[in-house]
Structures are given as structure tokens and as C-alpha cells.
Amino acid sequence: MELLDKVIEAVKECKQIVTAPFSVSEKGSLSNIVTSADKAVEEFLYRRLLEILPEAGFLGEEGDACQGKRYLFVVDPIDGTANFARGTGCSAISVGLRKDDAPFLGVVYNPFTEELYYAQAGRGAYKNGKRIQVSGRDFAHGLYYTALSTYRKEYSGLCMDILAQVFAQCDDFRREGSAALELCRLAAGCGELYFEMRLFPWDVCAGEVILKEAGGCFTGLYTQGLKQDQPFPVVAANSPENMEKLLAIVTQALPALPEGYF
Ligand code: IPD
Ligand code: CA
Ligand code: CA
């Protein structure tokens, strides 16, 4: 069995954990919660993924970590935890793998809808066995996925200013509550524009590979010298033209990271 198939199998096995009863606790702020399922999925994947590729390192949102050499698994055990705790059905298990510090493989799985997105560098992106591609829509017909910096509300005004500018020039916007799934929406041609103010590597590691393999553009802003587990703003789009236009709006509003960002 190929590496990608093995990772998909491991990710799908997590369904039994996320469909069992769980408890909820707060993680620093009122909106930032964690459930017992987040921790259980991460512990399971730590063991299972390192069985598949023992030489790899591991970086998980809930704190499980180990060093590797050429490979690094970057894992969000549940992306969209607020949705998960409320039972909206819009959450995903997100597993990315970096090789020689470049995005290599990504699997994003929503166990409630059975949507499974996956890609490996150079091999295309897929949703449930079918090849996917970004749309050809221009900015004016574009759907913008974004969020208002829920966990750091001091940046919400800035995100709303950017939203107002983008919204005035595009078709409409969406906020689904899972960065991983939103990037996959772009990959599958169901959205064209994306910006988030403060995402962590585990939010986007898998989505980046899937979107790029589907023909899209992805960039982390102001990432030079960043440590492995630090956040950064993310801009993504279906085409280079839309990316250029969105980047111009974002970088004008956000010319550098604000003081105290980390
Ligand atoms: C969050 C989701 C959400 C995004 C936040 C993320 P979590 O991840 O992806 O859509 O707006 O920035 O932190 O906390 O549910 O794993
Ligand atoms: Ca996340
Ligand atoms: Ca999470």
C-alpha cells in the first residue's frame, strides 16, 4: 500500500473516536475550546502515523510533538472544534506531511459528511476518488471565504475592513468555521478567494497541498524566520490573477504583522 493510502486509512479510523461521547473545556479564551475528542484523535494519530512512517517527526495542535529528519506530520485532530462541539457537521481531521520542509501530502476528512480530500505533491488533488480542480471564476464572480479572528478579537476590525473591500468587488462571502475544509472548497472549485489573519501550521498544512495540487495559489504572509509552531496570515485563491488582486488588498491593510501578534 502506498504512503498516501496508509495515511488516508489512519485518518478514516478516527471516525470512531469523533462519533463517541466527549467532554468540552476552555483553552485560554471563551471561544477557544478543546474537547476530549481533539486530544484522543491526536494521541491516536501520533501513534498510528509514526507506525506508518517511523522516521517522521510530529507536530500536533494539542501538544504532541517529536523531531524527525526529512519528514514532519502536521496534524489538526479536529479543525472546526466549535462546530464539532455544537454538532454542526462541519469539522475535519487534517493531516499534512512536509518533506524536506516543503508541503508533500495532505488529507482532510469530514467524518460527518464522508467528504475526503487528499493530494500528494505532483500527483493531483482528489475528493472521494475524483480528481478536483480550482474554478476559472474571476474576482467579480468569486466567493470569498474568511473569518474574523475569533481567538484574537483585537484583529476583527482589520478583518472586517478587508472583508468590506473584497465583498464590494466579488460575488459573496462565507465563513464555515474550518480553515482546512474552506481551503478544500477552493480546491474543488466551490470558492475562489481566501484570507485568514492568524492561522497555525496545523490549520493549513494539508489544505495547502490539496489546493496547490488542484491548481490554486496559497501563501503565508511574513513567515520568514518563523518557528515551526507559530501563526501567520494566509491568503489563497483559485488563480494567479485573483491572488494578485487579493494580496494587494490584504497587504495594503496589513503591511506587516502587528506588535504582539505572536
Ligand atoms: C479554527 C478553524 C476556524 C478558523 C480558526 C482556526 P480549530 O481551528 O479552522 O475556521 O477561523 O482560525 O483556529 O480551533 O477549530 O482547530
Ligand atoms: Ca484548526
Ligand atoms: Ca483543532
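Summarised in this report is the structure supplied together with it. One numbering rule holds for all chains: residues counted from 1, following each sequence as written. Chain labels run from A onward and ligand labels from 1 onward, assigned in the order the entries are written. Reporting in this predicted model follows two pLDDT cut-offs: at least 70 for local features of residues, and 80 or more for side-chain atom pairs to be given and counted; totals over whole chains, interfaces and linings ignore these cut-offs and use all residues. With hydrogens and water excluded, all non-hydrogen atoms of the structure serve as input to the side-chain values.

Examining the site of ligand 1
Consideration 1: Surrounding ligand 1, one finds 15 residues, the nearest of these being Asp-79, Gly-80, Thr-81, Tyr-151 and Glu-196.
Consideration 2: Each polar contact in these results corresponds to two N or O atoms within 3.5 Å; when the atoms are within protein, one needs to be able to donate a hydrogen and the other to accept it, and residues that are neighboring in sequence are counted only if both atoms are side-chain atoms. At a separation of 3.1 Å, an oxygen atom of ligand 1 approaches a polar backbone atom of Gly-177.
Consideration 3: In this structure, an oxygen atom belonging to ligand 1 sits 3.1 Å away from a main-chain N or O atom of Ser-178.
Consideration 4: If ligand 1 stood free it would expose 380 Å²; the protein chains cover 93% of that surface.
Consideration 5: According to the grid-proximity analysis, the pocket containing ligand 1 is the largest pocket.
Consideration 6: Counting from the N terminus, the helices are DSSP H or I runs at least four residues long and the strands are E runs at least two residues long. Per element, the largest residue contribution to the shell around ligand 1 is three residues, and it comes from strand β5 (residues 71–79). One heavy atom within 4 Å of a molecule or strand makes the whole residue count as near it. For every accessible area listed, the method is Shrake-Rupley and the probe measures 1.4 Å; residues are considered covered only by the protein chains on display. As defined here, a cavity is a set of points on a 1 Å grid over the protein atoms alone where a 1.4 Å probe fits but cannot get out. A pocket is an open set with protein on both sides within 12 Å along at least five of seven lines, and residues line them when an atom is within 4 Å of a point. More than half of a molecule's atoms lying within 2 Å of a cavity's or pocket's grid points is what places that molecule inside it.

A look at helix α7 (residues 201–213)
Consideration 1: Helices are assigned an expected span. That span is 1.5 Å times one less than the residue count. The end-to-end C-alpha separation of α7 is 18 Å, in line with the 18 Å expected for 13 residues at 1.5 Å each.
Consideration 2: One fitted axis covers the seven residues ending at a residue, a second covers the seven starting there, and the bend at that residue is the angle between these axes. Of all the bends in α7, the largest measures some 30° and sits at Gly-207.
Consideration 3: The buried fraction of α7 amounts to 11 of the 13 residues, a majority that puts the element mostly inside the structure.
Consideration 4: Among the residues of α7, Pro-201, Trp-202, Asp-203, Val-204, Cys-205, Ala-206, Gly-207, Glu-208, Val-209, Ile-210 and Leu-211 are the ones counted as buried.
Consideration 5: The positive-phi residue at the C-terminal boundary of α7 is Gly-215, with phi of around 100°. Classification of residues uses two cut-offs on accessible area relative to the type maximum, computed with a 1.4 Å probe and protein chains only: under 20% is buried, over 50% is exposed, and between them is partly exposed.

A short note on the coordination of the calcium ion (ligand 2)
Consideration 1: A donor here means any N, O or S atom no more than 2.8 Å from the metal (3.2 Å for Na, K and Ca); water is not included, so a site may seem to lack partners. Coordination of the calcium ion (ligand 2) by the protein comes from Asp-76 (OD), Asp-79 (OD) and Asp-203 (OD), over a distance range of 2.1 to 2.2 Å.
Consideration 2: All donors to the calcium ion (ligand 2) come from one chain, and their sequence spacing reads D-x2-D-x123-D.
Consideration 3: The distance between the calcium ion (ligand 2) and the calcium ion (ligand 3) is 3.7 Å, with Asp-76 acting as a donor to both metals. Highlighted residues: Asp-76 in strand β5 and Asp-203 in helix α7, separated in sequence by 127 residues. The residues Asp-76 and Asp-203 share a single accessibility class, namely buried.

Some remarks on the packing of aromatic side chains
Consideration 1: Each aromatic pair joins two rings of Phe, Tyr and Trp (for Trp, the six-membered one) with centres within 6.5 Å, and gets the label stacked for planes under 30 degrees apart, edge-to-face for over 60, and tilted for any other angle. Per the stated rule, a full pass over the model turns up nine aromatic pairs.
Consideration 2: Look at Tyr-46 and Phe-58: their rings are 4.9 Å apart centre to centre, the planes differ by 75°, and that puts the pair in the edge-to-face class. With Tyr-46 in helix α3 (residues 36–52) and Phe-58 in strand β3 (residues 57–60), this pair connects stretches of sequence that are 12 residues apart.
Consideration 3: Pairing Tyr-261 with Phe-262 gives two aromatic rings, centres 5.4 Å apart and planes at 90°, and the pair type is edge-to-face.
Consideration 4: You can call Tyr-261 buried: its relative accessible area is 1%.
Consideration 5: Every member of this aromatic cluster is reached through a ring pair, and the members are Phe-22, Phe-84 and Phe-112.

Looking at the coordination of the calcium ion (ligand 3)
Six octahedral donors at a metal ideally form angles of 90 or 180 degrees, and four tetrahedral donors ideally form angles of 109.5 degrees.
Consideration 1: In this structure, Glu-61 (OE), Asp-76 (OD) and Ile-78 (O) serve as the protein donors to the calcium ion (ligand 3), at separations of 2.2 to 2.3 Å.
Consideration 2: Read from N- to C-terminus, the donor residues coordinating the calcium ion (ligand 3) fall into the pattern E-x14-D-x1-I.
Consideration 3: Judged by its relative accessible area of 3%, Ile-78 falls in the buried class.

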